[in-house]
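What the coordinates show
This is what each chain is made of:
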Amino acid sequence: QRQIDPCDLVAMEEFARGEPLRVDLVYARGDHPENIFKTDIYRRDARLWLHRDLAAIVLRAAQDIRRQWGALLVLKDGLRTVEAQLQALTDTLYAR
């Protein structure tokens, strides 16, 4: 099993104030209208984590989207823990 160094992870909420993006972590709430699992996969206080290389790409994309279309990039999901992935695959009606 390949592991990611925690030092390489970036919490995208840190950029929401200064960049044209918003974090809407869909799977932290079972009652979120876009949560296909209809159950909490993440804790309610979960954060959206990305690898730093991907985070840099997402930030550039958010800036380009704002510049070209005046829109805001909304992030719905990111890096999942193994436990959250297993729950999504085994403990939900969607996976059955």
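A few points on the structure.

Scoring rules and cut-offs
- Residues numbered from 1 in each chain as written.
- Predicted model: local features only at pLDDT ≥ 70, side-chain atom pairs only at ≥ 80, totals over all residues.
- Heavy atoms only, no water.
- Helix = DSSP H or I, 4+ residues; strand = E, 2+ residues; numbered from the N terminus.
- Buried < 20%, exposed > 50% of the residue type's maximum accessible area, 1.4 Å probe, protein only.
- Contact = heavy atoms within 4.5 Å.
- Areas by Shrake-Rupley, 256 points an atom, 1.4 Å probe, with all protein chains shown as cover.
- Salt bridge = Lys/Arg side-chain N within 4 Å of Asp/Glu carboxyl O.

A tally of helices and strands in the chain yields two helices and four strands. Each helix (α) and strand (β) of the chain, taken in turn from the N terminus, gives the series β-β-β-α-β-α. A burial count over the chain gives 29% of its 96 residues as buried. Sequence separation of 24 or more characterises 65% of the internal contacts of the chain that already satisfy a separation of 6 or more. Taken as a whole, the chain presents about 6,700 Å² of accessible surface, with 52% of it coming from carbon and sulfur.

Pairing between side chains of opposite charge can happen when their charged atoms approach one another. Enumeration over the complete set of coordinates arrives at 10 salt bridges. One salt bridge connects Asp45 with Arg43, and the closest N-O pair in it is separated by 2.9 Å. In terms of burial, Asp45 and Arg43 fall into one category: exposed. Asp53 is the salt-bridge partner of Arg52, the closest N and O atoms lying 3.6 Å from each other. Owing to a relative accessible area of 45%, Arg52 belongs among the partly exposed residues under this scheme.

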